[in-house]
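Geometric and topological summary
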Protein chains: 2
Amino acid sequence: MSVQSPADYGFRQEVPEGDDRQRLVCGDCGWIHYVNPKIVVGAVIAHGEKLLICRRAIEPRKGFWTIPAGYMEERESSEQGAAREAREEACAEIRIDGLLGVYNIARISQVQLIYRAELVDGQHAPGPESLESRLVAWDEIPWTELAFPTVQWALNAWHAHRGRPLAAPDTNPPDIDPHWKSLTARQA
Amino acid sequence: MSVQSPADYGFRQEVPEGDDRQRLVCGDCGWIHYVNPKIVVGAVIAHGEKLLICRRAIEPRKGFWTIPAGYMEERESSEQGAAREAREEACAEIRIDGLLGVYNIARISQVQLIYRAELVDGQHAPGPESLESRLVAWDEIPWTELAFPTVQWALNAWHAHRGRPLAAPDTNPPDIDPHWKSLTARQA
Ligand SMILES: [Zn+2]
Ligand SMILES: [Zn+2]
């Protein structure tokens, strides 16, 4: 996802009718650009005693190490998003076990949902956004070369729960209520 | 947040340079409108043995019962957002205990983060988006008049964990790494 600044476009700040705070409104066509917090989805992926990390091929933090993670896309679940990022950044198929961490970076309006997962078949390779992918033992993690603090936090959370069931929150029930579809349609 | 349709504005669908999927692009000024999944934050709020519910004053599902919840805003944490929604919809001050549920509604690109909380002082009243606020015992919950399936799921998750510590995932550490600010600035 490229970074674009509203200041370079014809946006003005105003409070839309019925709203209670300033929003960006397109000066040309009047579209109200709601800036919603963004969701980053990712996973700490284990294979035996080793963890899958990737060296970033792109900015920010190019050359530093991360777990596979990125912006959640439309019409996917957070678990599907985490699996997609593992596929895109590390050519890895994963099996998700549960939600390992929820990290807020309020200053940049970002929420990160990081899952615990296992590498399905041991296979991995750098995707287009990675220079390198690697399975490392706990004492081989390049702590001083991690891309983001949340990578450190998630790795530590993994270590704190290793070999034990995850303390994960409730998620969607496996069989959806028959009224679900009509109800959520009205929630959109 | 009002609902606006891109079709009523001068947007066209196209794949921006360096991207891998179609996005909405403003025909007037070229702004790329990334449609990100939206985060709903809310809480199941207990006061003694009773739970706080509100009857919706607005569509969708006007007249139906819900827990306080709504879209997360910019530059707040998900916990702050859940507390703000309790204040806005039920004039309630809450103390959050942990993350109770994470629900995905992929069809409408929505992720809900529902916390477990306690009402601080027993006070509540309908805010502008509520017709009524009420503290109800478990067997007084109007199950057939709930606004959304996720309200039912969250209430059931609360009941399953009542009186016990929450199985919540890891969250931000209390003392932030000194490099945090500079690292996340580059993550924006
Ligand atoms: Zn426009
Ligand atoms: Zn425009």
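Anything mentioned here points back to the structure above.
First, a word on what this report is: a plain description of the structure on this page. These numbers come from a predicted model, not from an experiment.

The rules behind the values
Residues numbered from 1 in each chain as written. Chains lettered and ligands numbered in written order. Predicted model: local features only at pLDDT ≥ 70, side-chain atom pairs only at ≥ 80, totals over all residues. Heavy atoms only, no water. 1 Å grid on protein atoms, 1.4 Å probe; cavity = no way out; pocket = protein on both sides within 12 Å on 5 of 7 lines; lining within 4 Å. Points joined across faces, edges and corners; volume = space filled by probe spheres on them. Helix = DSSP H or I, 4+ residues; strand = E, 2+ residues; numbered from the N terminus. Nonpolar A, V, L, I, M, F, W, Y, C, P; charged D, E, K, R; others polar. Contact = heavy atoms within 4.5 Å. Buried area = accessible area lost by both parts, 1.4 Å probe. Salt bridge = Lys/Arg side-chain N within 4 Å of Asp/Glu carboxyl O. Polar contact = N/O pair within 3.5 Å; in protein donor to acceptor, adjacent residues only side chain to side chain. Least-squares fit on C-alpha atoms with pLDDT ≥ 70 in both.

Turning our eyes to something else, we now look at empty space enclosed by the protein. Residues and elements named next belong to chain A. Applying the stated criterion across every chain yields a total of one cavity of 30 Å³ or more. Lining the largest cavity we find Cys54, Arg55, Arg56, Ile58, Thr66, Glu89, Glu129 and Ser130. When residues of the lining of the largest cavity are assigned to their parent elements, the largest contribution, three residues, is made by strand β5 (residues 50-56). Tallied by class, the residues present in the lining of the largest cavity amount to two nonpolar, two polar and four charged.

Contacts between the two partners involve 74 residues from chain B and, on the opposite side, 75 residues from chain A. Surface buried jointly by chain B and chain A totals about 7100 Å² across both partners, of which 59% is contributed by carbon and sulfur atoms. Along the contact surface separating chain B from chain A lie two salt bridges. Among the ionic pairs, B:Arg23 bridges to A:Glu73, the shortest N-O distance being 3.1 Å. Taken together, the links from chain B to chain A amount to 17 residue pairs in polar contact (both at pLDDT 80 or more). Taken together, the elements giving at least two residues each to the side of chain B that touches chain A come down to β2 (23-26), β3 (32-33), β4 (38-47), α1 (78-90), β8 (94-105), β9 (110-119), α2 (149-161) and α3 (180-185) of chain B. It is β8(B) that provides the largest number of residues to the side of chain B that touches chain A, a total of seven residues. A breakdown of the residues in the side of chain B that touches chain A according to their chemical character gives 38 nonpolar, 19 polar and 17 charged.

It is worth spelling out the relation of the copies chain B and chain A at this point. Rotating chain B by 180 degrees and moving it 0.0 Å along the rotation axis overlays it on chain A with an RMSD of 0.1 Å. Taken together, the turn and the small shift mark the pair as related by a two-fold rotation axis. For chain B, the residue whose C-alpha comes nearest the rotation axis is B:Ala167, separated from it by 2.1 Å.

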